[in-house]
Amino acid sequence: VAGRTAAAQATGGTRISASQLQPGDLVFYASGGRISHVAIYIGDGQIVHAANSRKGIIVSSVNYMTPYRYVRY
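Residues numbered from 1 in each chain as written. Predicted model: local features only at pLDDT ≥ 70, side-chain atom pairs only at ≥ 80, totals over all residues. Heavy atoms only, no water.

**Observations concerning the environment of Ile 40**
Within the secondary structure, Ile 40 sits in strand E3 (residues 34–43). Accessibility expressed as a relative area gives 40% for Ile 40, which makes it partly exposed. Expressed as a C-alpha distance, the spacing of Ile 40 and Pro 23, which sit 17 residues apart in the sequence, is 7.5 Å. (Helix = DSSP H or I, 4+ residues; strand = E, 2+ residues; numbered from the N terminus. Buried < 20%, exposed > 50% of the residue type's maximum accessible area, 1.4 Å probe, protein only.)

Given below as structure tokens:
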């Protein structure tokens, strides 16, 4: 389905800065300059995201990897 990939989601919405993050905003991570992962900011420096097929959905620090872009829809 078009528009459902992390890369497609990163190009929509409104780009914001880290200091503007509010619960519900999306945080994108990149590998090799390409967006590879998306998470939902839940507040207090935490995100919820699909880690992998073994760990499933987990809560992590927003900085568990270096954030690439922040987007608000």
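**Some remarks on the pairing of strand E4 (residues 46–52)**
As judged from the three bridges shared by E3 and E4, these two strands associate in the antiparallel manner. Paired with Gly 43 across the bridge in E4 is Gln 46. Hairpin remark: E3 followed by E4, antiparallel, with two residues in the connecting loop; positive phi at Asp 44, about 55°. Here E4 folds back onto strand E5 (residues 56–61), and the loop between the two strands holds three residues. (Pairing = 2+ DSSP bridges.)

**Overview of the packing of aromatic side chains**
Per the stated rule, a full pass over the model turns up one aromatic pair. Here the aromatic rings of Tyr 29 and Tyr 64 are separated by 5.3 Å at their centres, their planes lie at 65°, and the arrangement is edge-to-face. Here Tyr 29 is found in strand E2 (residues 26–31), whereas its partner Tyr 64 is found in the loop between E5 and strand E6 (67–72), with 35 residues between them in sequence. For Tyr 29, a relative accessible area of 0% gives the class buried. (Phe/Tyr/Trp six-rings, centres within 6.5 Å; stacked < 30°, edge-to-face > 60°.)

**A look at a nonpolar patch on the surface**
A cluster of nonpolar side chains, contributed by Ile 40, Ile 42 and Val 59, occupies part of the molecular surface with about 250 Å² of accessible area. Considering the arrangement of structural elements, one finds Ile 42 in strand E3. Judged by relative accessible area, Ile 42 falls into the partly exposed class, the value being 42%. (Patch = residues over 30% accessible without salt bridge, like charges linked within 9 Å, V, L, I, M, F, W, Y side chains within 5 Å. Areas by Shrake-Rupley, 256 points an atom, 1.4 Å probe, with all protein chains shown as cover. Salt bridge = Lys/Arg side-chain N within 4 Å of Asp/Glu carboxyl O.)

**Structural notes on the pairing of E6**
By the bridge criterion, three bridges tie strand E1 (residues 14–16) to E6 in an arrangement that is antiparallel. Along E6, the bridge assignment pairs Arg 15 with Val 71. Here four bridges tie E2 to E6, and the two strands are oriented antiparallel to one another. Among the inter-strand pairings, Leu 26 is bridged to a residue of E6, identified as Val 71.

Worth remembering: the numbers are spatial, not functional.
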